[in-house]
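# Descriptive analysis of the structure
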Amino acid sequence: MIDNRLRRRHPLVQTIFDNWLYFLVLLFLWRFPHLVAEWTNSEADPARRAVGESSFWQSVMIDTFILAILAMSYNLMLGFTGLISFGHAAFFGAGVYVMAILVGQFKVSFVSALMVALLTGTLISLIWSIAAFRIKGVYFAMFTLAFAEIFFLMARLTMFKHLTGGEDGIRWTVPDWINPVKNRLQFYNFALACVVITFILVRRLMNSPSGKVLVAIRDNETRARTLGFNVFLYKTLAIMVSGALATLAGILHAIDRAGAETSVLGTERTINPLIMSLIGGLGTIPGPALGAGLIRISEQYLRKPELQVDLNFMIYRYRTLLNTESYWGLALGAAFIIFVLAIPYGVVGATNNTWLRVRRWLRIYIYNPVVRQNPQLATWATPFTGEPSEVALALAQQPAPMTLIEWARRYPVALMNAITFIVAVGTGLLTWDWQVGVSWALFLILISIPVRVVLWLIRWPKAIYLIGIGLGFLVPRLLFEDDALFSVMVGFMITVVNVGVGIYIYRWITALRRYPLVNTWIAKR
Amino acid sequence: MNALNLKKISSQTLWGGIAVGFTILLMIAVLLDSQGNIKLFSQVVAGGLYQGMLIFMVAAGLSIVFGLMDVLNFAQGSLLMVGAYVGFDVLSRMSASDKTNAFLLTLHVMVIGPILVLILWELTARLILPRVMKTVEIEHSSLFGKIQVVALTGVPLGFVVGSVWAKDFSGESDVVRVIFAVVVVLIALLSVSRNNILFGLRWLSNEGGIRFRRGMALLFNEEASPSDHVDYDPQFKQFDLNKEWLPLAFGVVVTVLVALVLNNTEVLMLRFGVAAIAAILAGSIAGIVMEIVFIRPTYVRPFFQIVLTFGLALVIREGIEYRYDIDPKGTLGGYLPEFLQGTFPPAYLRDLFPADFETTILNYWIFMIIMGLLMMIGVQLLLMRTRIGIIIRAGVQDSEMVEALGVNVRLVFTGVFALGAAIAAMGGIISAGFLNIDTTMGDLFLLQAIAVVIIGGLGSYAGTSLTAIVIGITRSVAAYFSRRQFNTDAPAPIVVLLLLCLVLYVKPSGLFGKEH
Amino acid sequence: MSELILEVNDIHTFIGQFHILEGVSVTVQQGGITVLLGRNGAGKTTTLRSILGLANVRSGHVQFQGREIRGMRPYKVAQLGIGYVPEHRAIFRDLTVEENLRIAERKPGDLAKRREFIYSLFPDLERLGHLGGNQLSGGQQQMLSVARALVPENQLLLIDEPSEGLAPVIIEQMMEAIRQLSVHTTVLLVEQNFRMASQLADQFVIIEEGKSVLAGRMSELVGNTELINRYLGAA
């Protein structure tokens, strides 16, 4: 019935129709150097030396592409197959070093070196998959960590200095057609093509039956095995594809830097894709690439020894200098932990989740009542909602689980967040100035802090202890920095008093909770 | 540990024999290669032993924590680094003025006093009193109660004694110190006589609570809940002053004696001791915070748990970099007391050895080996002989059943995590006396410790201890041969990691681990 | 009518996403033995685990001596005086018999007080004290498992399938022991072996497909073959 209403389209048109957002992003990335050149009056493809705004942004984007490929390959193992890899640097470094050694030291041709590099990556992934056959879970993670570390230590050895260059690394000359100094736009397009190919490959793989088996292995390996799948073979597939892609990222890196340095084998090359896929969204297809872009570009803007922060829109005439260089690593780590604890499926997962909830809310409290009043709206809305009017009308008849006021009482934080979001976006759009929107958001969050803290305490009364101990540490540290013993004592006393008061309040709250009548009384009010 | 199954015994003795034989073979190889040069040989062996002990300090925590909670804590190496940096911080801040010395002395008595009181108390109560008094049964109060009383009486006593002896009882902030001491003594007295005072307080609070709730019920015209009743167990006494005044008096006297003795010791040693205490405290606090805030919410998601500990290692390193910047801090060698500097044998022990006896072993190596051995034996005793050890060993097998028997397993988890962290932090400050302090030291130790824990079999403490020594000597021998061959000892860690990969391929659950 | 020691009222328990108990009500009188009957997978073990707080009870009430214990942590529930003997005799294999008993102490001296009583019930354990848990036979393990629950002063014992996989002689001994200890302590028993259950218990509760369907005096059930066939299969 629904099928008859939809016109059949040409497969190509249908593909574009289904993936319009991806095509839009691709179009933007393809035209990006020219757009930047247009905006900044620089050249996208300067004839002699690659200087100027456009070339600079091209190199930043190339870096992002490399990281995106690495993160996507990482996600294939961790997010989709459930193999914890702490040694992705081994693949990446293999790509870099094989290229640099073969072309730089042995003068092998570029294309054959590329083949050998990919082959090396595949070989390593073969060793890994044999390991994955016997070694499971944490043990596999440690195996990969040790494996990558062996290569890292070997690259630094002086006895292989003639080969790897030891701590100094190697330089090599990149062929002209892909040279990022002489022909940057060409390399930009090449790297972009690599990202697109990787993306399509991963997407194809994960939408294929084999991809479903990989996800099944992640969720429950024993069940996948009892269903009759050869788990070893599928794991090998995932590790091989992942390894080859990571090696490809390494090759691109070697071209980009025209050399090899020991840091490409270090733990950082493993942690980076881990953080990127986690922040983007583990187990989602666009997540890792998005995470790579987010982190690399925000790093470009934020990680500076002197970043001037202009808070004029918040506080009148207030500018300050921040040394964000020293905060960057810490902030990244903190973001990582917050994501693992609170948003384990990353930006993409959280957006999907929130959007689903918002849609459900909109349907229950806005769409359904309106449609109940004016049934003809259901017919008009069909092209936007994609559901026939009969279905919409039938769904609209369902009663809401609770009234809007009950909802607001039950989820006060959601209400506050919604109001903040609406006010911020609304004012921002009205005045057509993003700073106004941001300042409204900050203002609303700031004034709602006491309410949020109280709600938090009602939910987790034991947080009172934390506050007491924290005050005991902080106050003397701020007041008497020079006298250690004195501040320890004052801190002790503050802690004792605070925790004492805290226990009293805690007992109060729990007593109220334990007494069912008071609970109903609270609920009634 | 005490697996007595016949099949298991054969497997364990087999692999244990192979490990020991491997070590002996390595040592023989060194002996042959150096043509019987005892000086070189002893250096290689002692070097291997101290490396093994340092690795053990990280591996011990990893092993126990994994056995009990199935958490492989990748941040254990960072805890070692935290210990080293905190020790460095404390040492470099303390200037050698009279005032600081008095503070140090006070702090030491505050810590050592209670420990001695506790030990003496245990000894007298368990060994001497039963023989002297010939009573059939002597009631002990619980260990926790004892620690409470001992800490609360010993700390202020040590404080006062230290302050008086150090003649540092003048100055502005001393008023606060006196108030502090008085407050703590009051709490201690309260604790000692808790049967009278605390009982009264508890009765008051319970009575008040019931009255309040009844009042609320009356207010809303309802009947009071029957669950409102006072519950306390009058038979369960924490401490009885009448019975145990004798050991307590012993302890007090000893505390004063300790203060007297410490008053004449070298200031450097006091400082190093304070730094060690601070490092251990910092490490265990970091461990507790880690367990409660980060590990506990993720027990249901083991997959993310591993990733999280890996990220925690990064955060700790970045935090340390932010706090102390990235430059290496050098070793703590300059802060060491005199008897830990120089080579073995030290000057005051020269007479015990032949006149021409000299080695290239540093005193500090021997110190590290002794500390490591103490730690090894101490943890082994804790595991095998105490009630907490029984709970830990039972929890390794089935923590749910332990909880069903009435043990607060979560608290035990946190405690074990803190213990592992404290050992790692102690390893940190001990290694910092000899190795450069920088932000990568944690990662280096972590990898070696992981190798040890895996080869020894995850969750097997005895296996970890043995393997730590084996790996230490393997590393040292590998360094020896590569120094002769390539004139560098950089390949030594590679050998260990290769060994790890090899063992994982051959026996995925380690040499002494249980097959899953 | 004697006093109620345990009252389980319409509990709903989930394991993961699966709704295992869909309304179980059990009352246990002070003193004597109550038995939970039912087919395999009916939810008897889950009921015991729900009482102890080891399983996730979403709704309903569990009251022990008039105090609500639903949602309490298992160790706190145990400390109120509930002993648990799990199925498959989950003793600690790496610990010796003596240590297995010592771990159950809730305060120092518990074991010393109850040692004689335990050895009078299970004389075997006295000579096995130094052996490891993994060296015991199935029957000895089961005895140890019951003895462990006797170390602290419990008001209620939850015993799960004490006769499972044991030789008939040892089942007799176990029955005798349970009968003796039920003089001091109330027992809530889960038993597949209907003959044993009918000889021991005073009260019964039948659980079927996650619901409690029938409860009453054991003497009423014993003669009633129709009920036995319907709920328990061939007895």
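The model shown is predicted, which means the values in this text are computed figures rather than measured ones. (Residues numbered from 1 in each chain as written. Chains lettered and ligands numbered in written order. Predicted model: local features only at pLDDT ≥ 70, side-chain atom pairs only at ≥ 80, totals over all residues. Heavy atoms only, no water.)

## Looking at the overall build of chain B
Check the secondary structure of chain B and you find 16 helices and zero strands. The buried share of chain B, taken over its 516 residues, is 51%. Contacts in chain B between residues at least 24 apart in sequence constitute 78% of all its contacts with a sequence separation of at least 6. Accessible surface, chain B as shown: approximately 23900 Å² in total, 67% of it carbon and sulfur. (Helix = DSSP H or I, 4+ residues; strand = E, 2+ residues; numbered from the N terminus. Buried < 20%, exposed > 50% of the residue type's maximum accessible area, 1.4 Å probe, protein only. Contact = heavy atoms within 4.5 Å. Areas by Shrake-Rupley, 256 points an atom, 1.4 Å probe, with all protein chains shown as cover.)

## Considerations on the overall build of chain C
For chain C, the helix and strand inventory stands at 10 helices and 10 strands. Its C-alpha radius of gyration of 17 Å places chain C within 12% of the 18 Å reference for a compact globule of 235 residues. Projected onto its principal axes, the C-alpha positions of chain C cover 45 × 40 × 35 Å. Counting all 235 residues of chain C, 56% fall into the buried class. Looking at chain C alone, contacts between residues at least 24 apart form 69% of all its contacts between residues at least 6 apart. Element-wise, carbon and sulfur atoms account for 47% of the exposed surface of chain C, whose accessible area totals about 9900 Å². Charged side chains in chain C number 23 positive and 26 negative. The centres of these two groups are separated by 5 Å. (Rg over C-alpha atoms; globule rule 2.2 N^0.38 Å. Lys, Arg positive; Asp, Glu negative; His and termini not counted. Charge placed at Lys NZ, Arg CZ, Asp CG, Glu CD.)

## Some remarks on the packing of aromatic side chains
We describe a pair of aromatic rings using the distance from one ring centre to the other and the angle between the two ring planes. A complete count under the given rule lists 34 aromatic pairs over all chains for this structure. Geometrically, the ring pair formed by A:Trp128 and A:Phe140 is edge-to-face, given 6.1 Å between the ring centres and 90° between the ring planes. With A:Trp128 in helix 6 (residues 110-134) and A:Phe140 in helix 7 (residues 137-156), this pair connects stretches of sequence that are 12 residues apart. The residues A:Trp128 and A:Phe140 share a single accessibility class, namely buried. Ring centres of B:Tyr50 and B:Phe434 lie 5.2 Å apart, and the angle between their planes is 80°; on these two criteria the pair is classed as edge-to-face. With a gap of 384 residues between them, B:Tyr50 in helix 2 (residues 38-69) and B:Phe434 in the loop between helix 13 (409-432) and helix 14 (441-456) connect regions that are remote in the sequence. Here the aromatic residues A:Phe91, A:Trp128, A:Phe140, A:Phe143, A:Phe147, A:Phe151 and B:Tyr505 are joined through ring pairs into a cluster of three or more. The ring centre of B:Tyr324 lies 4.8 Å from the NZ or CZ of B:Arg323, which sits over that ring. (Phe/Tyr/Trp six-rings, centres within 6.5 Å; stacked < 30°, edge-to-face > 60°. Lys NZ or Arg CZ within 6 Å of the ring centre and 35° of its normal.)

## Some thoughts on the sheet that holds strand 5 (residues 67-68) of chain C
All names here are of chain C. With antiparallel pairing, four strands are arranged side by side in an open sheet as 2-1-4-5. Of all strands in the sheet, those with a lone pairing partner are strand 2 (18-29) and strand 5, marking the two edges. Inspection of the sheet shows strand 1 (residues 4-15) paired to strand 2 by nine bridges, in the antiparallel sense. Bridged to Val 8 within strand 2 is Val 26. (Pairing = 2+ DSSP bridges.)

## A closer look at a nonpolar patch on the surface
Residue and element names in this part refer to chain A. On the surface, a nonpolar cluster with roughly 1000 Å² of combined accessible area is contributed by Trp 440, Phe 443, Ile 445, Leu 446, Ile 447, Ile 449, Val 453, Trp 456, Trp 460, Ile 467 and Leu 471. Taken together, the elements giving at least two residues each to the nonpolar patch come down to helix 21 (434-447), helix 22 (449-459) and helix 23 (463-479). Counting residues per element, the nonpolar patch draws most heavily on helix 21, which supplies five residues. (Patch = residues over 30% accessible without salt bridge, like charges linked within 9 Å, V, L, I, M, F, W, Y side chains within 5 Å. Salt bridge = Lys/Arg side-chain N within 4 Å of Asp/Glu carboxyl O.)

## Some thoughts on helix 1 (residues 44-52) of chain C
All names here are of chain C. By the criterion of burial, helix 1 is predominantly enclosed, with eight of the nine residues buried. Three or more residues of helix 1 are buried, namely Lys 44, Thr 45, Thr 46, Thr 47, Leu 48, Ser 50, Ile 51 and Leu 52. Phi turns positive one or two residues past the end of helix 1, at Gly 53, with a value near 90°.

## Here's the deal with the sheet that holds strand 6 (residues 82-85) of chain C
Residue and element names in this part refer to chain C. Spatially, six strands are ordered 6-7-8-3-9-10 in an open sheet, and the strand pairing comes out mixed. The outermost strands of the open sheet, each flanked by one partner alone, are strand 6 and strand 10 (211-217). Ignoring which end each strand starts from, the neighbouring axes of this sheet average 15° apart. Strand direction decides the pairing type here: strand 7 (residues 156-160) and strand 8 (residues 186-190), joined by five bridges, are parallel. Residue pairing across strands places Ile 159 opposite Leu 189, the latter belonging to strand 8. (Axes fitted to C-alpha atoms, helices over the stretch in contact; angles between N-to-C directions.)

## A closer look at the interface of chain C and chain B
Across the boundary between the two partners, chain C contributes 29 residues, which contact 29 residues of chain B. When the area that chain C buries against chain B is broken down by residue, the three leading residues are C:Phe92, C:Asp94 and C:Ile103, summing to 23%. Counting every contact that joins chain C to chain B gives three salt bridges. Between B:Arg393 and C:Glu99 there is a salt bridge, with the nearest N and O atoms lying 2.9 Å from each other. Between the two partners, chain C and chain B, sit seven residue pairs in polar contact (both at pLDDT 80 or more). Looking at the side of chain C that touches chain B, the elements with two or more residues in it are helix 1, helix 2 (74-79) and helix 3 (97-102) of chain C. Counting residues per element, the side of chain C that touches chain B draws most heavily on helix 2 of chain C, which supplies four residues. (Buried area = accessible area lost by both parts, 1.4 Å probe. Polar contact = N/O pair within 3.5 Å; in protein donor to acceptor, adjacent residues only side chain to side chain.)

## Concerning the nonpolar core
In terms of nonpolar packing, the biggest core is built from 291 residues, with A:Phe86, A:Trp128, B:Phe74, C:Leu6 and C:Phe122 touching the most fellow members. Among all residues touching B:Phe74, those that are not within four sequence positions of it are A:Phe86, A:Met142, A:Leu145, B:Ile306, B:Thr309, B:Phe310, B:Ala313, B:Leu446 and B:Ile450. (Core = buried A, V, L, I, M, F, W, Y, C linked by side-chain atoms within 4.5 Å.)

## Let's talk about the pattern of salt bridges
Going through the model one piece at a time under the given rule, you end up with 21 salt bridges over all chains. Residues A:Arg303 and A:Glu299 are paired through a salt bridge, measuring 2.9 Å at the closest nitrogen-oxygen approach. With its nearest N and O atoms 3.1 Å apart, the salt bridge here joins C:Arg115 to C:Glu98. One end of the pair, C:Arg115, is in helix 4 (residues 110-121); the other, C:Glu98, is in helix 3, with 17 residues separating them in the sequence. Classification of C:Arg115 as partly exposed rests on a relative accessible area of 26%. Here C:Glu98 falls in the partly exposed class, since its relative accessible area comes to 24%. Three or more residues joined by partner-sharing salt bridges are found here, namely A:Asp63, A:Asp256, A:Arg257 and A:Arg296.

## Quick look at the confidence of the model for chain C
The predicted coordinates should not be examined in detail at positions where pLDDT is low. Residues and elements named next belong to chain C. Considering every residue of chain C, the mean pLDDT works out to 81; 97% of them sit at 70 or more. Looking at the elements of chain C, mean pLDDT is at its lowest for helix 10 (residues 225-232), recorded as 71, and at its highest for strand 6, recorded as 88. Here the prediction assigns the complex a pTM of 0.80, and the interface score ipTM is 0.84. (pLDDT = per-residue confidence, 0-100.)

## A few points about the environment of C:Leu6
Residues and elements named next belong to chain C. Counting through the fold element by element, Leu 6 comes out in strand 1. Between the alpha carbons of Leu 6 and Gln 63 there is a distance of 5.7 Å; along the sequence they are 57 residues apart. Every residue in contact with Leu 6, bar those within four places of it in the chain, is listed here: Val 26, Thr 27, Val 28, Ile 51, Val 62, Gln 63, Phe 64, Leu 156 and Leu 188.

## Details of unusual backbone geometry
Residue and element names in this part refer to chain C. Notably, Glu 161 is not glycine yet its phi reads approximately 50°, a positive angle. Among the structural elements, Glu 161 can be located in the loop between strand 7 and helix 7 (168-181). Residue Glu 209 is not a glycine yet carries a positive backbone phi of 45°. Secondary-structure assignment places Glu 209 in the loop between strand 9 (203-208) and strand 10.

## A few points about the pairing of strand 9 of chain C
Look at any regular strand and the pattern is simple: side chains alternate between the two faces of the sheet. Residue and element names in this part refer to chain C. Across the six residues of strand 9, five count as buried, placing the element largely inside the fold. Where strand 3 (residues 33-37) meets strand 9, four bridges bridge the pair, whose relative direction is parallel. Note on strand 9: the bridge partner recorded for Thr 34 is Gln 203. Linking strand 9 to strand 10, which pair antiparallel, is a turn of two residues; within it Glu 209 sits at a positive phi near 45°.

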